[in-house]
Every structure is written in structure tokens, then in C-alpha cells.
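Below, each chain spelled out in residue letters.
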Amino acid sequence: MLVLLVCSSYSYSEEAIYGTTANAADAGYNWVMTNVLPQQLGLSVNSVIYRYTTDKIAEDDMLVHVQNENARGTGYIFRETDDWSGLEGNTINKTVPVNMIDISYWGNGSIEVEGAGSVLDPEVYYSYQYIPCEDPQSDATCPGYVDPTGAALIDDAIAQDTTSEEYIQAEIDRKANLQAQKDEEEQAEREEFAKEKEEEILESLEVLLGYVNTNLMNEESRVLHNALVATNYLPRSYFEAMVGGNYPETLVLKDGRLPDNRKGLRVGLASELKHKQLVDLQYD
Amino acid sequence: MFNKTLLLLALGAFASSAFGEEMEVVGNVQSKCVVTPDTAGVYGNPTPDVLSSDPTDGGVDPIVRFDVIQASLYKARISHPTSFSESPTLNDTVVWTGDTATSQVSDTSMSGYDAAKVEFDNVTEFSLTVAGSTWFKTETQADYGYGKAFPGGVYRAVVSAECIAI
């Protein structure tokens, strides 16, 4: 069923449309083809149908040309000549097949009379065919149609315009949201880190100051603490209170200038020379 | 054994050839001349005693088209009417006149058909010497009695057109 539907759709899009123009010679013996043929890309003309009546004396010579200029070159793309010389005037009704000539070749048309006589009531029709949507621009419903006014493009461009105020505001908001989210995450991490650190410090202080309030420690810690105290592992300063206040610098540097150590320089240079000699030995 | 077999086969062949057979040959000839009614005629009634297809009398001339694919093999025979196929009862004579001529041609050479046509009785014959389409127009007129009005009613007449192989 699916295959059938696809085939049906394809054949529909490829179906040729046939038609016949209005009378091209309705307004006179010359006509502009762009006003006659539908302006469809790929349109081709199958035949030219014309009819006219000649008014002439039988003995007179008369040629009637029904013709179209070659729009893509010189001369005529279509020229049918009726020779009425020595014949009574009559109405001619003629269909001339023209082997599918593309629309681009069809230049301006005309009926031209050579000799004596005149042409009355001319009618010229063009039979044509074309495949719709061969030119996607021929119909707004064709696939691939692009609005020649560019309205859709302009809308898209407005939507994508990075200089528009709406776009800038949206970008600012988006970045602000991202930053806020990032800040919140970092804040949470910092708080968690600080909490952990605080807990570690508190635990250390408890261990350090355990002798003050040994009841806060468990039995195992107390035994360890007593052992450390007994072995004098802890410095005495930990058991003494430090007097608070200002402790200014007591050391004073006597020399204002500290020269390089020349002895050290010589040792360094000698060491460098020795190293060079050792390296050069492998090349001798 | 081999020879006998051959003999039997030969006898069989003779026996078969003794029956008669008839073979049919079928051919289908498509006419190269087509007659097509183009325009239906209408009688006008310019005066009470006249029915005329002339457009100047308010009528329409019937037109028939002959299409010939090959030249000089056919002739067109067109007869204008000499009686009504349908009419009210007529108690007086009707005088019939008519004329057939080319109306349109698809080739200028067909303009010579009129000069070469043959007329007899109510019949006009044209030799179709040029391939293509020719439109023939027939004028027909009926005059009733001697200045006598046609009875009211519907009048029909027939123009016949034939394509005859020469």
C-alpha cells in the first residue's frame, strides 16, 4: 500500500498539463509571445493552429506568412507560408505541428502578406504543454518554492538577528541563569567544604585539649592521651597559656647591602669547567 | 523393423495429405477519409413562404468536414435536400434549391476545389486531390407554392455527405 501511494504521488507531480492559448492575433497582425504563452519554465509548444480568410483576386500573386521570430537567435523559429497565387481567396484553417519547441525560443509573432490581397479575421493559437512545478517558483504550493518577496526569509532573519534587542535580552537572561546556577553549586560546595573543615578542626581541638576535659573523650582516646603525656611527646608549650598582645620584630639587619659570594662563584665556575672537560672526553 | 516403421510413417503422411484445409485471410482496412459534421444547419424564415439556411435570412448553413490522409483517392459527394424529413402536412409543392462550396481549407491548393466541382441534380462532387481537411458549406432553400405561407410547425431536412473512393 505504501509503495502504491508513493508511485501515485510521483506520477501526479510528473503529469503534464496541456493547453491552448487564446487568439494571439486578436489585437492585430503582430503579437508579443510573453503576453500569449503562460510563462512556465519547461513549457514547450506542440503545434500552431491558425485560421484566416484571404480577400484577393484569383489571378493575383499572394503569399501569407504566419511566423514567430527566434528569440534565441536570428530568423524565425516558426514560419508557415501559404501561397494563394492564382487561387481564389478562401478561409484557411491549418494545424502545423512543431516538435515541442521550448518557450525560450518563441519570439514575437506576426502575419505578413506579400503581394496583392489582404488577410481578414486572423486567428492564431498555440498548443502547449508543461510539467507543473518543474519551476518551483511557478506555484506557491510547489515543493522548494521560495517567497520572492522574501517575507519568510526576513522573518527568519529577524528571529536569528543577534543584534536585535529581544535576542540580546534572551542571551543575557540565559547567561544570568547559568551563572546563578553555577554560583549556587559553588556556594553549596564551599559550605560543605567549610563544614567538613570545621568538623575536622573541632575534632583536632578536642583531641588536643582532651586533657582539660577528659570526660569528652572516649576511653581509648584517653588511654592514648595519657600515654603521650607520660612519654613527654607533647611539647610543654601546649600546656601553657600564651600571653596575648603585640609581638614586634626584635632582629635588626646590620648590613644594608649583601654582595655575591665570590668564592661560591669560583667553585661554580670550576665545577662547570670540569663538567665540560668530562663531556669533551667522549669526543676525543 | 526400421524399414517398416518408415513405411508406416510414409503411409500416415499420405493419409494426412488427403484431407483438404481452408485458411482464412483477414484484413482490416481503415478508411483514409473521414466525414465529420461540423456545424448543424438552421432554417431561417425570412418570409412566410421561404425557409433558408442563408445567414442573411436568419439561418445557419450546415458545414461538414472531410479529412483525407492521402490525396487523390477520394471524392466528396454532398447532396442538398429535396424534401423535408419532418414537416407539417403540406398541400402544395415545394421548390428546393441549394449549393455547396468550400468553407475552409487546410491547404491553399484546396481553393481550387470549387472551380473543379461537378454538379448534377442536387448533388455536388469534389475531388479531394489534396491531403488534409476541407470544410464544405451547403446552402439550402425551400420555397413553398406560389407565395404561399408554410404551415406552422417544425421542419427538418437532411444534407447527406459521403466520401467515395475514386
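Cut-offs used in this document
Residues numbered from 1 in each chain as written. Chains lettered and ligands numbered in written order. Predicted model: local features only at pLDDT ≥ 70, side-chain atom pairs only at ≥ 80, totals over all residues. Helix = DSSP H or I, 4+ residues; strand = E, 2+ residues; numbered from the N terminus. Buried ≥ 20, exposed ≤ 12 C-beta atoms within 10 Å, placed from the backbone. Contact = placed C-beta atoms within 7 Å. pLDDT = per-residue confidence, 0-100. Nonpolar A, V, L, I, M, F, W, Y, C, P; charged D, E, K, R; others polar. Pairing = 2+ DSSP bridges. Axes fitted to C-alpha atoms, helices over the stretch in contact; angles between N-to-C directions. Core = buried A, V, L, I, M, F, W, Y, C linked by C-beta atoms within 7 Å.

1. Section: the overall build of chain B
Right, on to step 1. Summing up its helical and strand segments, chain B has 2 helices and 11 strands in all.
Right, on to step 2. Among the 166 residues that make up chain B, the fraction classed as buried is 30%.
Right, on to step 3. Counting contacts in chain B only where the partners sit at least 6 residues apart, residues at least 24 apart contribute 72% of the total.

2. A few points about the overall build of chain A
Right, on to step 1. Each helix and strand counted, chain A has 5 helices and 8 strands in total.
Right, on to step 2. For chain A, the α and β elements follow one another from N to C terminus as α-β-β-β-β-β-β-β-β-α-α-α-α.
Right, on to step 3. Scored against the burial criterion, the 284 residues of chain A give a buried share of 13%.
Right, on to step 4. For chain A, contacts bridging at least 24 residues in sequence account for 72% of all contacts bridging at least 6.

3. Notes on the confidence of the model for chain A
Right, on to step 1. Mean pLDDT over chain A: 81, with 83% of residues reaching 70 or higher.
Right, on to step 2. Between residues 1-12 of chain A, whose pLDDT stays under 50, and residues either more than four places distant or in other chains, the model counts 0 contacts.

4. Overview of the interface of chain B and chain A
Right, on to step 1. Facing the 10 residues of chain B at the interface are 10 residues of chain A.
Right, on to step 2. Among the elements that make up the side of chain B that touches chain A, the one with the highest residue count is strand S6 (residues 94-105) of chain B (4 residues).
Right, on to step 3. For the side of chain B that touches chain A, a count of residues per class yields 2 nonpolar, 7 polar and 1 charged.

5. Some remarks on the sheet that holds strand S11 (residues 160-165) of chain B
Residue and element names in this part refer to chain B.
Right, on to step 1. Ordered by their spatial adjacency, 4 strands build an open sheet running S7-S8-S4-S11, and the pairing between neighbours is antiparallel. If you trace the sheet from one side to the other, it starts and ends with strand S7 (118-120) and S11, each paired once. Between one strand axis and the next, the sheet turns by 20° as a mean value, whatever way the strands run.
Right, on to step 2. As defined by bridge partners, strand S4 (residues 74-79) adjoins strand S8 (residues 123-128) across 6 bridges and the pair is classed as antiparallel. Bridged to Arg-77 within S8 is Glu-125.

6. Details of the environment of A:Glu69
Right, on to step 1. Among the structural elements, A:Glu69 can be located in strand S4 (residues 62-70).
Right, on to step 2. Not counting residues within four places of it along the chain, the set of residues in contact with A:Glu69 comprises A:Tyr76, A:Ile77, A:Gly107 and A:Asn108.

7. Here we look at the environment of B:Ser160
Residue and element names in this part refer to chain B.
Right, on to step 1. The residue Ser-160 is located in strand S11 in this model.
Right, on to step 2. Since 14 C-beta atoms lie within 10 Å of it, Ser-160 is described here as partly exposed.
Right, on to step 3. Separated by 83 residues in sequence, Ser-160 and Arg-77 place their C-alpha atoms 8.0 Å apart.

8. Brief notes about the sheet that holds strand S2 (residues 30-31) of chain A
All names here are of chain A.
Right, on to step 1. In spatial order, the strands read S2-S7-S4-S5; together these 4 strands make up an open sheet with antiparallel pairing. Looking at the sheet topology across the chains shown, the edges are occupied by S2 and strand S5 (76-83).
Right, on to step 2. Alignment of S2 against strand S7 (residues 106-115), held across 2 bridges, turns out to be antiparallel. Pairing of Asn-30 across the sheet is with Ser-110, part of S7.

9. Considerations on the pairing of S8(B)
A regular strand places its side chains so that they alternate between the two faces of the sheet.
Residue and element names in this part refer to chain B.
Right, on to step 1. Side chains of S8 alternate between two faces, with Thr-124, Phe-126 and Leu-128 buried and Val-123, Glu-125 and Ser-127 left unburied.
Right, on to step 2. Where S7 lies against S8, 3 bridges are found, and the strand directions are antiparallel. Considered in S8, the bridge of Glu-119 is made with Thr-124.
Right, on to step 3. Turn length for the S7-S8 hairpin, with the two strands adjacent in sequence and antiparallel, is 2 residues, and the turn residue Asp-121 shows positive phi of about 50°.

10. Considerations on the nonpolar core
Right, on to step 1. Core analysis: the largest hydrophobic core is formed by 39 residues, its most contacted members being A:Ala24, A:Val124, A:Tyr126, B:Ala76, B:Ile78, B:Leu128 and B:Phe136.
Right, on to step 2. Of all the elements in the fold, those that place two or more residues in this core are strand S3 (44-55), S4 and strand S8 (118-130) of chain A together with strand S3 (63-68), S4, S8 and strand S9 (132-144) of chain B.
Right, on to step 3. Residue contacts for B:Ile78: discarding those within four places in its chain leaves B:Val64, B:Thr100, B:Thr124, B:Phe136, B:Thr138, B:Val159 and B:Ala161.
Right, on to step 4. Counting residues in hydrophobic clusters, the runner-up holds 6 residues, among them B:Leu51, B:Ala142, B:Tyr144 and B:Phe150.

11. Some details on unusual backbone geometry
Right, on to step 1. The phi dihedral of A:Met100 falls on the positive side, at around 55°, and the residue is not glycine.
Right, on to step 2. Mapping A:Met100 onto the fold places it in strand S6 (residues 91-102).
Right, on to step 3. Look at A:Met100 and you get exposed, because 12 C-beta atoms sit within 10 Å.
Right, on to step 4. In the Ramachandran plot, B:Asp121 falls in the positive-phi region, its phi being about 50° despite a non-glycine side chain.
Right, on to step 5. Looking at the secondary structure, you find B:Asp121 in the loop between S7 and S8.

12. A short note on the environment of B:Lys148
Right, on to step 1. When you line up the elements, B:Lys148 lands in the loop between S9 and strand S10 (156-157).
Right, on to step 2. For the pair B:Lys148 and B:Asp92, spaced 56 residues apart in sequence, the C-alpha to C-alpha distance is 8.4 Å.

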